[in-house]
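Spelled out, the chains give:
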Amino acid sequence: IDRPDGRPLEVVDMVLDLFIELGADEEQLEFPIVYTSGKTGIATLDLKEFEEGKQLDFTPLLDTVIEHTPCPVGDPEGPMQLLVSNIDSDPYIGRIGVGRVERGTIKQGEPVSLVTYGVDGKRNARVVKLMRFHNLGREEVSSASIGEIVCVAGIADINIGDTLCDINTPEALPFVKIDEPTIAMTFCVNDSPFAGQEGKFVTSRHIRERLMKELEVNVGLKVEDTDSTDSFKVSGRGELHLSILIENMR
């Protein structure tokens, strides 16, 4: 709302029309509206307060989140369950599983079982380090209960879709099915006349290492070797998917 050409009321009407086109019901159409400016750090439920120059802060936005976001549902006293939905890595502590505690409490240092929905067998491991997000970084914690999103370090073979469970109650949670790749490209070493004029990581070994690192966190990607040691077949879920990877690598 701080932009000179801002038109917040018109945008609200456009959002309402979009909801109607999408078939929203009466309850969904009664969505809360908060007028904000991230640049100046203000929020209000009444646009007139902003127009009149009233002293504002982010309190109305935070209060709206608390009022309209339901609390986590689950059994905080039950056997622990955590579904891994993302993977991160750290040069010092290695592979990190990121997920939400769905049941019970996870504790740093405790033994756990790793199970995957639809796959027989389990792997035993230990939560070496437990962290939660704080501001733009992570902070170490001793435990976390249902609803909290935490980072688990110390499990080398942890993957997206795995469920961390109480070691005596290995119950896997279902995970969203990942669509198969729809388009493929060949990534290869630059052999043009301009090769070697820019860039440091330009060998096949560098390209392989980067693609293997991407596979750890990019669940929709597939990388295959080819007949040549200087090229790799990379399959993704569309042009945009591969374009983002190419620009990140560039």
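See the structure printed just above.
What you are looking at is a predicted structure, and each value in this text was computed from that prediction instead of being measured.

Rules used throughout
- Residues numbered from 1 in each chain as written.
- Predicted model: local features only at pLDDT ≥ 70, side-chain atom pairs only at ≥ 80, totals over all residues.
- Heavy atoms only, no water.
- Pairing = 2+ DSSP bridges.
- Helix = DSSP H or I, 4+ residues; strand = E, 2+ residues; numbered from the N terminus.
- Axes fitted to C-alpha atoms, helices over the stretch in contact; angles between N-to-C directions.
- Contact = heavy atoms within 4.5 Å.

1. Quick word on the sheet that holds strand β9 (residues 137-140)
No. 1: Taking strand neighbours across the sheet as the criterion, the eight strands line up as β7-β6-β12-β3-β4-β11-β8-β9 in an open arrangement whose pairing is antiparallel. A single partner strand is all that each edge strand has here, and the edge strands are β7 (119-126) and β9. Taken pair by pair, the neighbouring strands of this sheet meet at an average axis angle of 40°, ignoring direction.
No. 2: Pairing between strand β6 (residues 111-116) and β7: five bridges, direction antiparallel.

2. Section: the side chain of S235
No. 1: One can find S235 in strand β15 (residues 231-236).
No. 2: Apart from the residues lying within four places of it in its own chain, the contact partners of S235 are P181, I183, A184, G220, L221, K222, E224 and L242.

3. Description of the sheet that holds β15
No. 1: Strand order in the open sheet formed by three strands is β13-β15-β14, with antiparallel pairing between adjacent strands. Of all strands in the sheet, those with a lone pairing partner are β13 (183-188) and β14 (222-225), marking the two edges. For this sheet, the mean inter-axis angle between neighbouring strands, taken without regard to orientation, is 25°.
No. 2: As paired elements, β14 and β15 share four bridges and run antiparallel to each other. Bridge pairing links E224 to K233 in β15.
No. 3: Each of β13 and β15 touches helix α6 (residues 239-249); the most contacted strand, β13, lies at about 20° to it.

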